[in-house]
Amino acid sequence: MARAPDKRAEKAHELYQKGLKLIEIASQLDIPEGTVRSWKNRYKWNATLQSDKRNVAKRNKGGQPGNKNANGGPPGNKKAEKHGFFAKWLPEETREIMGAIQSADSLDLLWDNIQLQYTAIIRAQKLMYVRDQEDKTIEKIEHGYGETSEKNKWEVQQAWDKHATFLNAQSRAMKTLEGMIKQYDELLNRNWELATEEQKARIAILKDKVSNDKDKPIQITFTKASEKNG
């Protein structure tokens, strides 16, 4: 059974129909812009307009009245077969995600991936946090029995090892993010006349955020054991 639309999504749809931009709707409802865009795609807010355009295109491409192609071709075409195949084998949630992706343009899809990458970088700050020099991780990785005794194998990660791993991971992630931002910027400028004001504004905001994050010095303070005990 399909889930009932979120009340906030209905309100967002009303504001969208009044001509507000997604970023303006998000601001009014105090929710992330990505949530509004997800609703737009999931509930197909542009479906009516797109349907009208498709109908016009079909009339232009179709044959004369009475021709078997006048209504866009015979029933059971390849598109219908493909969607029937998906409906049979894919979960409803997966089909819903595919539907949202198909209705989004390349800039919005790339923007979603940029947001996911940036979120992962911020989240890693908590997941890979190293408290101090004594923040050692010891984990049992193997357990067994020999002929006369029990045998265990342990893995030890010192604080400096964990921190080095974190720095390397963050460096790679930031390079990936910078590449995605550059790709977005190039795609945006290549299609500047077709881009929305929202698509133009969001890249400047993210560039500023990433620039500020990179300019912040990394401060790590390790407390010596002698100082702790003293």
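Predicted, not measured: the structure shown is a model, and the values here were computed from it.

Q: Please explain the pattern of salt bridges as it appears in this structure.
A: Once their charged atoms are close, side chains differing in charge can pair, the charge on each being opposite to the other. Summed over all chains, the structure comprises ten salt bridges. Across the pair aspartate 112 and arginine 37 runs a salt bridge, and its minimum N-O distance is 2.7 Å. On the criterion of sequence distance, the pair formed by aspartate 112 in helix α7 (residues 106–127) and arginine 37 in helix α3 (residues 33–42) is long-range, its members being 75 residues apart. Under the relative-accessibility criterion, aspartate 112 is labelled partly exposed at 28%. Here the salt bridges do not stand alone but share partners, grouping Glu33, Arg37, Asp108, Asp112, Glu198 and Arg202 into one network.

Q: Quick question: what am I supposed to make of the side chain of arginine 202 here?
A: Within the secondary structure layout, arginine 202 lies in helix α9 (residues 197–215). Within polar-contact distance, the side chain of arginine 202 engages the side chain of glutamate 33 at 2.9 Å. A polar side-chain atom of arginine 202 sits 3.0 Å from a polar atom in the side chain of aspartate 108. Ignoring any residue separated from it by four or fewer positions in sequence, one finds arginine 202 in contact with Glu33, Arg37, Leu107, Asp108, Trp111 and Tyr184.

Q: Help me understand the confidence of the model for the protein chain in this model?
A: Low pLDDT marks stretches whose predicted atomic positions should not be read closely. Taken residue by residue, the protein chain gives an average pLDDT of 75. The fraction at 70 or more is 71%. Taken element by element, the predicted model of the protein chain shows its lowest mean pLDDT in helix α10 (residues 225–229) (41) and its highest in helix α8 (residues 159–190) (90).

Q: Looking at this structure, I do not really get a nonpolar patch on the surface. What am I missing?
A: On the surface, Ile138, Trp154 and Val156 cluster together into a nonpolar patch covering about 320 Å² of accessible area. With respect to the helices, strands and loops of the structure, valine 156 is situated in strand β2 (residues 150–157). A relative accessible area of 43% means that valine 156 is categorised as partly exposed.

Q: Help me out: how do you make sense of the packing of helix α2 (residues 22–29) against α3 in this one?
A: Each packed pair of helices is defined by two parameters, the angle between the axes and the distance between the axes. The geometry of α2 relative to α3 is characterised by a closest axis approach of 8 Å and an angle of 115° between their N-to-C directions. Of the two possible hands of crossing, α2 and α3 adopt the one that is right-handed. Facing α2, whose interface residues are Leu22, Ile23, Ile25 and Ala26, α3 presents Glu33, Val36, Arg37 and Lys40. Residues that form the contact of α2 with α3 fall into these classes: five nonpolar, no polar and three charged.

Q: Explain the packing of aromatic side chains to me, please; I cannot follow it from the model alone.
A: The description of an aromatic ring pair uses the distance of the two centres, along with the angle that the planes make with each other. This structure, assessed with the given rule, holds two aromatic pairs. Taken together, a centroid distance of 5.2 Å and an interplanar angle of 45° make the contact between tyrosine 16 and tryptophan 45 tilted. Placement of the pair is tyrosine 16 in helix α1 (residues 7–17) and tryptophan 45 in the loop between α3 and α4 (47–61), with a sequence separation of 29 residues. When the ring of tryptophan 111 is compared with that of tyrosine 184, the centres are 5.7 Å apart and the planes differ by 55°; the resulting orientation is tilted. Linking tryptophan 111 in helix α7 with tyrosine 184 in helix α8, this pair joins segments that are 73 residues apart in sequence.

Q: Looking at this structure, I do not really get the nonpolar core. What am I missing?
A: Proteins that are soluble and globular tend to have nonpolar side chains buried together. Core analysis: the largest hydrophobic core is formed by 18 residues, its most contacted members being Ile114, Leu177, Ile181, Tyr184, Leu206 and Val210. Mapped onto this core, the elements with two or more residues apiece are α7, α8 and α9. Per-element accounting of this core gives the leading share, eight residues, to α8. Excluding residues within four positions of it along the chain, isoleucine 181 makes contact with Ile114, Ile203, Leu206, Lys207 and Val210. With eleven residues, the next largest nonpolar core counts Leu20, Leu22, Ile25 and Ala26 among its residues.

Q: How do you make sense of the packing of α3 against α7 when you look at a structure like this?
A: The interhelical angle for the contact between α3 and α7, taken along N-to-C directions, is 140°, at an axis separation of 12 Å. Between α3 and α7, the interaxial angle falls into the category oblique. Where α3 crosses over α7, the two elements pack in a sense that is left-handed. Note on element contacts: α7 touches α3 through Asp108, Trp111, Asp112 and Gln115, opposite Glu33, Gly34 and Arg37. Looking at the contact of α3 with α7, its residues break down into one nonpolar, two polar and four charged.

Each value, and the rule that gives it
Residues numbered from 1 in each chain as written. Predicted model: local features only at pLDDT ≥ 70, side-chain atom pairs only at ≥ 80, totals over all residues. Heavy atoms only, no water. Salt bridge = Lys/Arg side-chain N within 4 Å of Asp/Glu carboxyl O. Helix = DSSP H or I, 4+ residues; strand = E, 2+ residues; numbered from the N terminus. Buried < 20%, exposed > 50% of the residue type's maximum accessible area, 1.4 Å probe, protein only. Polar contact = N/O pair within 3.5 Å; in protein donor to acceptor, adjacent residues only side chain to side chain. Contact = heavy atoms within 4.5 Å. pLDDT = per-residue confidence, 0-100. Patch = residues over 30% accessible without salt bridge, like charges linked within 9 Å, V, L, I, M, F, W, Y side chains within 5 Å. Areas by Shrake-Rupley, 256 points an atom, 1.4 Å probe, with all protein chains shown as cover. Axes fitted to C-alpha atoms, helices over the stretch in contact; angles between N-to-C directions. Left-handed = near helix turned anticlockwise from the far one by under 90°. Nonpolar A, V, L, I, M, F, W, Y, C, P; charged D, E, K, R; others polar. Phe/Tyr/Trp six-rings, centres within 6.5 Å; stacked < 30°, edge-to-face > 60°. Core = buried A, V, L, I, M, F, W, Y, C linked by side-chain atoms within 4.5 Å. Parallel < 35°, antiparallel > 145°, perpendicular 65-115°, else oblique.

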